[in-house]
Amino acid sequence: MTGWDVDPAGVYSVLSKAGTAAKSMSDTGSAMQGNLEEAASAAGTLTSQYGPYSGTVGLVGSALGKFLEAWGQDLLYIAKRTSKSLNGGDQATRCYVAGSLEQAANAQQEAAKEPKVDLPGAGGGHGGDRSQR
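Source: prediction; values computed, not measured.

Definitions and limits used
Residues numbered from 1 in each chain as written. Predicted model: local features only at pLDDT ≥ 70, side-chain atom pairs only at ≥ 80, totals over all residues. Heavy atoms only, no water. Helix = DSSP H or I, 4+ residues; strand = E, 2+ residues; numbered from the N terminus. Buried < 20%, exposed > 50% of the residue type's maximum accessible area, 1.4 Å probe, protein only. Contact = heavy atoms within 4.5 Å. Areas by Shrake-Rupley, 256 points an atom, 1.4 Å probe, with all protein chains shown as cover. Expected span 1.5 Å × (residues − 1). Bend = angle between axes of the 7 residues up to and from the residue. Salt bridge = Lys/Arg side-chain N within 4 Å of Asp/Glu carboxyl O. Axes fitted to C-alpha atoms, helices over the stretch in contact; angles between N-to-C directions. Parallel < 35°, antiparallel > 145°, perpendicular 65-115°, else oblique. Left-handed = near helix turned anticlockwise from the far one by under 90°. Nonpolar A, V, L, I, M, F, W, Y, C, P; charged D, E, K, R; others polar. Arc of directions from axis to C-beta.

### Thoughts on the overall build of the chain
Here is step 1 of the chain: Secondary structure assignment for the chain yields three helices and two strands.
Here is step 2 of the chain: Helices and strands appear in the chain in the N-to-C order α-β-β-α-α.
Here is step 3 of the chain: Every one of the 133 residues in the chain was classed for burial, and the buried ones make up 18%.
Here is step 4 of the chain: Once local pairs closer than 6 in sequence are excluded, the contacts in the chain between residues at least 24 apart make up 63%.
Here is step 5 of the chain: Within the structure as shown, the chain displays about 9,200 Å² of accessible surface, and the carbon and sulfur contribution to it stands at 57%.

### Describing helix α2 (residues 59-97)
Here is step 1 of the chain: Taking 1.5 Å per residue as the helical rise, α2 with its 39 residues ought to reach 57 Å, and the 57 Å between its terminal C-alpha atoms agrees with that figure.
Here is step 2 of the chain: Residue Trp 71 marks the point of greatest curvature in α2, where the axis turns by about 40°.
Here is step 3 of the chain: At the C-terminal side of α2, Gly 99 shows a positive phi close to 85°.

### Things to note about the pattern of salt bridges
Here is step 1 of the chain: For the structure on display, the rule yields three salt bridges.
Here is step 2 of the chain: Measuring nitrogen to oxygen at the nearest pair gives 2.9 Å for the salt bridge that ties Lys 23 to Asp 27. A residue pair is termed a helical-turn pair when its members lie 3 or 4 positions apart in one helix, as Lys 23 and Asp 27 do in helix α1 (residues 8-42) at four residues.
Here is step 3 of the chain: Ionic pairing is found between Glu 110 and Lys 113, a salt bridge with its closest N-O pair at 3.0 Å.
Here is step 4 of the chain: Among the residues examined, Glu 110 registers a relative accessible area of 42% and is labelled partly exposed.

### Section: the packing of α1 against α2
In helix packing, the relevant descriptors are the interaxial angle and the interaxial distance, both defined with respect to the helix axes.
Here is step 1 of the chain: Close contact between α1 and α2 brings their axes to 10 Å; oriented N to C, the two are set at 165°. In terms of axis orientation, α1 runs roughly antiparallel to α2. Of the two possible hands of crossing, α1 and α2 adopt the one that is left-handed.
Here is step 2 of the chain: Here the contact of α1 with α2 is built from residues that sort into 18 nonpolar, six polar and two charged.

### What to know about helix α3 (residues 101-112)
Here is step 1 of the chain: In this model α3 runs 17 Å from its N-terminal to its C-terminal C-alpha over 12 residues, within 8% of the 16 Å that 1.5 Å per residue would give.
Here is step 2 of the chain: Within the span of α3, buried status applies to Ala 104, Ala 107 and Ala 111. Viewed along the axis of α3, the buried residues span an arc of 60°, placing them on a single side of the element. Turned more than 90 degrees away from the buried face of α3, the exposed residues are Glu 102, Gln 109 and Ala 112.
Here is step 3 of the chain: Those residues of α3 hidden inside the fold are in contact with α2.

Here is the structure:
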């Protein structure tokens, strides 16, 4: 007797619904990034009595940039964690159905590992312990 009692049809139903929700979340995140960049650009630049400081982002634009910088790592982590979980659940279930419980357990363990998150230009991200936030 194994410690597993999996209903593959139920798993695939949940994975399908979660995949649809993840796609929607990804699309929203992409749109938000574009919208924040547009908003930062539209917010204008700093000016003085001597004219605009060329290329100097205004206060609102700077704040939006800092917001995106602060949350970008977390949003990328969520996307990678979701992908690993969905793919791992699928792979483990396929192995279970094929009768390979050892491979199913390996797929499950691999999916549970922390994803590595590196943002371009962020000086090397960290995908370690998220509980410190």
